[in-house]
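Structural features, examined
Chain by chain, the residues run as shown.
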Amino acid sequence: MTKGRVVVVKEYGKPFEIEEYEVPDPEPGGMILKITQAGICGSDLHTWRGEAYAPIPPGGRVMGHEGTGVVAKLGAGVSTDSLGRPIKEGDRLMYAAIAPCNRCYQCINGNENWCSGAQAPRQANTFPHFTGTYADYYYIPAGRPVFAVPRELPDEVLGFINCATGTVTEGLLRAGCKEGDYVVIQGAGGLGLNATAMAKDMGAHKVIVLDRLANRLQLAREFGADHTIDITEYSTQDARRERIWDLTEGRGANIVLELVGRAELLVEGIEYLANGGTFVEIGNIVRGMTVEFDPSTLMMGAKRVMGSRMYRPALLPEMMERMVKNLETVPYHKIVSNRYPLADVNDAFRDAEWNERQTAVSRGMLVP
Ligand SMILES: [Zn+2]
Ligand SMILES: [Zn+2]
């Protein structure tokens, strides 16, 4: 019987424990992946700090949602991915990092990322054990969409696709990003860099990225940003608004994406919008952060505010095709800055905490 490690949080903010379990056989229609990469996403940091909504279940909570792996074992009746392409042991697979119920009103309307049904528990010490990506293996139940990875994509660009890339792509699509748009992106971390490349691929004529770190802004330009704004140089909201108005010839942005997670950026971002433009809230996932807001600013030019979270699984193969198309020009390999073996997960989180505040490092990746 094969055993595998699983990273578990037993108490918020405290070091993780690594537990070992027997790897179960996959159910009919399901499969077991051998995890090859697992990203440290901002929401994992929130979970670890205890800023997530759920109390820790008895026995702890497994960690990690972003990642990728290769097929370790296929369940009975599975021989293809969700698009009917043959898969076998050892093949690289991208899976949907959401666990929709597939039967609620939202799911049956194709909005699996808005699922209002029961979500799979992520309780440690409970079958099938391997429900987080900070682990050697990952249990894919029957019905979970999986997609073969195009051979053109190197391993080093796969680890963040099913959270960071998916989340910003969903946000841009739901906001109606199209040829000719002007898009403003607040924050040049892993989300912002992915959003920059995707907005350009969707035909945005101008992508303007704001951040406070010069080396992140340099990366944003490498990912296709037409303009960057260093918020330490444009240090007031008025100065930034004026700069964006200059760069958009007095029109404003069709879409603003908030990817930082600061409540006040909602109010600021709406100020950047063209009439009819859409502000997309993605970064503010921690509850309880509030901001004062004058609703009449939406009436002046019929502006929209929307939230967006995760993505519809059908976007995964589409996004990978977009990445293949742009692999020559977009340096996706630069998104992951630090790699750690699974046993060093506590170091990885300590560095990620530090990096989030201080440096240009955009994303850590666990490589079991
Ligand atoms: Zn994530
Ligand atoms: Zn559902």
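Residues numbered from 1 in each chain as written. Chains lettered and ligands numbered in written order. Predicted model: local features only at pLDDT ≥ 70, side-chain atom pairs only at ≥ 80, totals over all residues.

For the rest of this paragraph, the subject is the domain arrangement of the chain. Along its sequence, the chain is organised into domain 1 (3-149 + 337-366) and domain 2 (168-307). Domain 1 puts nine residues into the contact, and the matching count from domain 2 is eleven residues. Across the side of domain 1 that touches domain 2, the residue classes break down as two nonpolar, five polar and two charged. (Domains from an automatic or database assignment. Contact = placed C-beta atoms within 7 Å. Nonpolar A, V, L, I, M, F, W, Y, C, P; charged D, E, K, R; others polar.)

A few words now on the pairing of strand 12 (residues 253-258). Burial runs high along strand 12: six of the six residues are buried. Relative to strand 12, strand 9 (residues 182-186) is paired through four bridges, and the arrangement is parallel. Of the residues in strand 12, the one forming a bridge with valine 183 is isoleucine 255. For the handedness criterion, the β-α-β arrangement of strand 12, helix 7 (residues 264-271) and strand 13 (residues 273-281) is classed as right-handed. (Buried ≥ 20, exposed ≤ 12 C-beta atoms within 10 Å, placed from the backbone. Helix = DSSP H or I, 4+ residues; strand = E, 2+ residues; numbered from the N terminus. Pairing = 2+ DSSP bridges. Right-handed = clockwise from strand over helix to strand, strands pointing away.)

Contact geometry for helix 3 (residues 161-174) and helix 9 (residues 315-326): axes closest at 10 Å, N-to-C directions at 90 degrees. It follows from the interaxial angle that helix 3 and helix 9 lie roughly perpendicular. Contact with helix 3, carried on its side by Ile161, Asn162, Thr165, Gly166, Thr169 and Glu170, involves Leu315, Leu316, Met319 and Met320 of helix 9 and no other residues of that element. Taken together, the residues of the contact of helix 3 with helix 9 break down into five nonpolar, four polar and one charged. (Axes fitted to C-alpha atoms, helices over the stretch in contact; angles between N-to-C directions. Parallel < 35°, antiparallel > 145°, perpendicular 65-115°, else oblique.)

This paragraph deals with the sheet that holds strand 10 (residues 206-211). Pairing is parallel in the open sheet, where six strands are placed in the order 11-10-9-12-13-14. At either margin of the open sheet sits one strand with a lone partner, and together these are strand 11 (227-230) and strand 14 (304-307). Strand-to-strand, the axes of this sheet are offset by a mean angle of 15 degrees, without reference to chain direction. Relative to strand 13, strand 12 runs parallel, the two sharing five bridges. The partner of leucine 257 across the bridge, within strand 13, is valine 280. Each of strand 9, strand 10 and strand 12 is contacted by helix 4 (residues 190-201), which is oriented at about 170 degrees to strand 10, the strand it contacts most. Across the sheet, helix 6 (residues 237-247) is in contact with strand 9, strand 10, strand 11 and strand 12; its angle to strand 10 comes to roughly 160 degrees.

All right, on to helix 9 then. An ideal rise of 1.5 Å per residue puts 16 Å on twelve residues; helix 9 measures up with 16 Å between its terminal C-alpha atoms. Summarising the contacts, the buried residues of helix 9 are in contact with strand 6 (92-95), strand 8 (146-148) and helix 3. (Expected span 1.5 Å × (residues − 1).)

For the rest of this paragraph, the subject is the environment of alanine 225. Mapped onto the elements, alanine 225 comes out in the loop between helix 5 (214-222) and strand 11. Residue alanine 225 is classed as buried on the basis of its C-beta count, with 28 C-beta atoms lying within 10 Å. For the pair formed by alanine 225 and glycine 261, sequence separation is 36 residues and the distance between their alpha carbons is 21 Å. Not counting residues up to four positions away in its chain, the partners in contact with alanine 225 are Thr196, Val207, Ile208, Val209 and Ala220.

Next up on the list: unusual backbone geometry. Omega for the peptide link from phenylalanine 127 to proline 128 comes to 5 degrees, which places this bond in the cis form. The residue alanine 302 is not glycine, and still its phi comes out positive at about 50 degrees. In this fold, alanine 302 is placed in the loop between helix 8 (296-299) and strand 14.

Burial within helix 3 is extensive, with twelve of its 14 residues counted as buried. When helix 3 is considered as a whole, its buried residues turn out to be Ile161, Asn162, Cys163, Ala164, Thr165, Gly166, Thr167, Val168, Thr169, Glu170, Gly171 and Leu172. In this structure, the buried side of helix 3 is in contact with strand 3 (31-40), strand 6, helix 4, strand 12, strand 13 and helix 9.

Turning our eyes to something else, we now look at the packing of helix 3 against helix 4. Relative orientation of the contacting elements helix 3 and helix 4 amounts to 50 degrees, with a least axis distance of 8 Å. The angle between helix 3 and helix 4 places the two elements in the oblique class. Considering how the two elements wind past one another, helix 3 and helix 4 form a crossing that is right-handed. Across the interface between the two elements, Ala164, Thr165, Thr167, Val168, Thr169 and Leu172 of helix 3 pack against Gly190, Leu191, Asn194, Ala195, Met198 and Ala199 of helix 4. Tallied by class, the residues present in the contact of helix 3 with helix 4 amount to seven nonpolar, five polar and no charged. (Left-handed = near helix turned anticlockwise from the far one by under 90°.)

This part covers the pairing of strand 7 (residues 137-140). Side chains Tyr137 and Tyr139 project from strand 7 onto one buried face, and the interleaved Tyr138 and Ile140 project onto a second face that is buried too. Across four bridges, strand 3 lies against strand 7 in antiparallel orientation. When the sheet's bridge partners are listed, isoleucine 32 is paired in strand 7 with tyrosine 139.

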